[in-house]
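Chain by chain, the residues run as shown.
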Amino acid sequence: MTKKTITKRTWKLLLGICIAAVLSIGIGLFAYIHMIDTKTLGRKISIYGLDVSKLTAEKAQQKINEAFHNKNIIFHEDGEDVYSVSMAQLGYSLEPDSLRNELETLQQERSQDFRLFASEKDYTIDYQIIKNENQEKTALAAENFDNKERTESADAHIRYSKKKKKYILVKQVQGNQIDENRLLNYVEETLEKNFKTKLLASDVKINLGEEVYRQPDIEESGEMKQKVKKLNSLLKKYRSTTVTYLFGEETQVLESDTISSWLQIKNSGISLDKDAVADYISNMANKYNTIYVPRAFHTSLGTDVTVSDNEYGYRIDQDAELTQLLEDLKSGENISREPVYSSSGMKRNGTDDLAGSYIEVSLDSQHLWLYKDGALVTETDIVSGAPTAERETYRGAWPIAYKASPFTLSSDEYGYAVNVKYWMPFVYGQGLHDASWQSAFGGNRYKTGNGSHGCINLPEDQAALIYNTIDGGYPIIIY
């Protein structure tokens, strides 16, 4: 077997071929790298974490758009995923012209910075988001989240507790119903933050909570707490108030139980049943009013008469009493007082408005009695008005209007003017007075030409005694 040897010339030839091959490969590689770095975005490049190496601006734009459109928003609530939507479904897209310009600018910048050995580099570029608002609202409609049981929010409110018998403040309750406007704003704010660094990199997980739920319209406040305090304070006052009406020695007590029955307690506040209060006052007035109603009177002669023209006594002013009582009921105190009167007598004891002090005149008997505190002070014969329509003395009950001493009695109609020492008028120009011109009193003198023009004539000493015993307002009853 013959052994062949490689000559030195052959070695040189082989070495030349190898060197030529290496140079050819190097030149080709260099040309390829140069082409990649000038015709595309370059090697080892990513934008917002998305690899766009060796892609032209156009291809990179397509890949970026696809990644952006396929990016999902996953809504997480109470430990589970409840809804998912892509950017495309949400109506979001990247504005194409500005994106293309950014990519072309980036390609140009990188082509000017040619390097044989490239290193990994991630870029963030400017972008513009286009939103289809109608599509966004449809994608974020509350009905898309109805696979979960939802409850309404409840406002803070004041209510009356029958169990506790007082007002309480019920705090607001946060429900979990989706508020579409709040959800829309929350999603937009979340995405805006995400896009700044993770425009393309990963899906977005949004945790749903109170920030997207329908909020109570009314929340617990210091003002509401103060209102509850005031309501309970007023309620306590109503329930602890009593009003004792004084009718001389007799009283009528308005108890707290009755007052409580008038309370109209609603969540919005406390009021009183004014009709019920007015009925109470009306019934009290019917019982204790003594003026302008026929007066039953037991005479000194032992008979009972009814005095129709009764203008003496007490009358409760029901409107004014209602106003006063409504104020009293809010005091929380034990009040003792007389009713508010529109007319009042001298004194009373219950329904008795004379209380043993009065002047009594019997026209038929032509006699007068004066009582004070239940005791007979004096009695005397009189001369009353002549028994004619023009001159008769008025029957009825009145208060003595005032006293005057001396006094001049005059009448243009009858043409007289006389002086008296004691004048005590009661009604329509008629009054008690001394009459020095009368030679006697009593009997039938008032019928036989000696009758007055309506006044009650008295002996001077009796007129003086009566004048010095009574004051204005003293009751006189004539029958």
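Residues numbered from 1 in each chain as written. Predicted model: local features only at pLDDT ≥ 70, side-chain atom pairs only at ≥ 80, totals over all residues. Heavy atoms only, no water.

### Concerning the overall build of the protein
Regarding its fold elements, the protein presents eleven helices and 29 strands. Relative to a compact globule of 479 residues, whose C-alpha radius of gyration would be 23 Å, the protein shows 56 Å and is clearly more extended. Taking the principal axes of its C-alpha atoms as reference, the protein extends roughly 200 × 50 × 30 Å. Expressed as a percentage of its 479 residues, the buried residues of the protein come to 41%. (Helix = DSSP H or I, 4+ residues; strand = E, 2+ residues; numbered from the N terminus. Rg over C-alpha atoms; globule rule 2.2 N^0.38 Å. Buried < 20%, exposed > 50% of the residue type's maximum accessible area, 1.4 Å probe, protein only.)

### Description of the packing of aromatic side chains
In the structure shown here, the tally under the stated rule is 17 aromatic pairs. Taking 5.3 Å as the distance between ring centres and 85° as the angle between the ring planes, the aromatic pair formed by Phe75 and Phe145 counts as edge-to-face. Of this pair, Phe75 sits in strand E3 (residues 72-77) while Phe145 sits in the loop between helix H5 (133-139) and strand E8 (157-161), and the two are 70 residues apart along the sequence. Here the two residues Phe75 and Phe145 agree in accessibility, since each one is buried. With a centroid separation of 5.5 Å and 65° between ring planes, the pair formed by Trp262 and Tyr280 is classed as edge-to-face. Of this pair, Trp262 sits in helix H8 (residues 256-262) while Tyr280 sits in helix H9 (residues 274-288), and the two are 18 residues apart along the sequence. Grouping residues by exposure puts Trp262 and Tyr280 together as buried. (Phe/Tyr/Trp six-rings, centres within 6.5 Å; stacked < 30°, edge-to-face > 60°.)

### Points about the pairing of strand E29 (residues 475-478)
Of the two faces of E29, the one carrying Pro475 and Ile477 and the one carrying Ile476 and Ile478 are both buried. When strand E20 (residues 358-362) meets E29, the two strands line up parallel, connected through three bridges. Bridging across to E29, Glu360 finds its partner in Ile477. With four bridges joining them, strand E23 (residues 396-399) and E29 adopt antiparallel strand pairing. Considered in E29, the bridge of Trp398 is made with Ile476. (Pairing = 2+ DSSP bridges.)

### Some words on the pattern of salt bridges
This structure, assessed with the given rule, holds 13 salt bridges. The residue Asp471 makes a salt bridge to Lys403 at a minimum N-O spacing of 3.8 Å. Taken together, the positions of Asp471 in the loop between helix H11 (460-469) and E29 and Lys403 in the loop between E23 and strand E24 (407-411) put the pair 68 residues apart, joining distant regions of the chain. Residue Lys403 is classed as partly exposed on the basis of its relative accessible area of 28%. Across the pair Lys421 and Glu460 runs a salt bridge whose closest N-O atoms are separated by 2.8 Å. In this pair, Lys421 sits in the loop between strand E25 (416-420) and strand E26 (423-427) while Glu460 sits in helix H11, placing the two residues 39 residues apart along the sequence. Residues participating in the shared-partner salt-bridge network are Glu321, Asp328 and Arg337. (Salt bridge = Lys/Arg side-chain N within 4 Å of Asp/Glu carboxyl O.)

### A word on the environment of Ala463
Take Ala463: it is sitting in helix H11. We classify Ala463 as buried; its relative accessible area is 0%. In this structure, the C-alpha to C-alpha distance between Ala463 and Glu311, residues 152 residues apart in sequence, is 23 Å. If near-sequence neighbours (up to four positions away) are discounted, Ala463 is found in contact with Tyr422, Met424, His433, Asp434 and Leu458. (Contact = heavy atoms within 4.5 Å.)

### What about the nonpolar core?
Counting 42 residues, the largest nonpolar core has Ile47, Ile64, Phe75, Leu103, Leu183 and Leu191 as the members making the most contacts within it. If we ignore the near neighbours within four places in the chain, the residues touching Ile64 are Ile47, Leu50, Val52, Leu94, Leu99, Leu103 and Leu200. Tyr160, Tyr245, Leu254 and Ile316 belong to the second largest nonpolar core, which has 31 residues in total. (Core = buried A, V, L, I, M, F, W, Y, C linked by side-chain atoms within 4.5 Å.)

### Let's talk about the side chain of Ser46
Mapped onto the fold, Ser46 is located in strand E1 (residues 45-47). A distance of 2.6 Å separates polar atoms of two side chains, one belonging to Ser46 and the other to Asp122. Among all residues touching Ser46, those that are not within four sequence positions of it are Asp51, Val52, Lys121, Asp122 and Tyr123. (Polar contact = N/O pair within 3.5 Å; in protein donor to acceptor, adjacent residues only side chain to side chain.)

### Remarks on unusual backbone geometry
Of note, the amide linkage connecting Ser405 to Pro406 takes the cis form, showing an omega dihedral of -10°. Even without glycine at this site, Asp78 takes up a positive phi of about 50°. Looking at the element boundaries, Asp78 is found in the loop between E3 and strand E4 (80-86). One non-glycine residue with positive phi stands out, namely Tyr292, at about 65°. Topologically, Tyr292 is positioned in the loop between H9 and strand E15 (295-298).

### Describing the packing of helix H2 (residues 57-70) against helix H4 (residues 96-111)
For the pair H2 and H4, the least separation of the axes is 9 Å and the interaxial angle reads 130°. By the criterion of interaxial angle, the relationship of H2 to H4 is oblique. In this structure, H2 meets H4 at a crossing whose hand is right-handed. Residues Ala57, Glu58, Ala60, Gln61, Ile64 and Asn65 of H2 form the contact with H4, whose participating residues are Pro96, Leu99, Arg100, Leu103, Glu104 and Gln107. For the contact of H2 with H4, the class distribution of residues is six nonpolar, three polar and three charged. (Axes fitted to C-alpha atoms, helices over the stretch in contact; angles between N-to-C directions. Parallel < 35°, antiparallel > 145°, perpendicular 65-115°, else oblique. Left-handed = near helix turned anticlockwise from the far one by under 90°. Nonpolar A, V, L, I, M, F, W, Y, C, P; charged D, E, K, R; others polar.)

### Here we look at a positive patch on the surface
On the surface, a cluster of positive charge is made up of Arg159, Lys163, Lys164 and Lys166. Along the chain, Arg159 falls in strand E8. (Patch = residues over 30% accessible without salt bridge, like charges linked within 9 Å, V, L, I, M, F, W, Y side chains within 5 Å. Areas by Shrake-Rupley, 256 points an atom, 1.4 Å probe, with all protein chains shown as cover. Lys, Arg positive; Asp, Glu negative; His and termini not counted. Charge placed at Lys NZ, Arg CZ, Asp CG, Glu CD.)

### What about the pairing of strand E11 (residues 242-247)?
Across the six residues of E11, five count as buried, placing the element largely inside the fold. Relative to strand E18 (residues 334-337), E11 is paired through four bridges, and the arrangement is parallel. Paired with Thr242 across the bridge in E18 is Asn334. When E11 meets strand E12 (residues 250-254), the two strands line up antiparallel, connected through five bridges.

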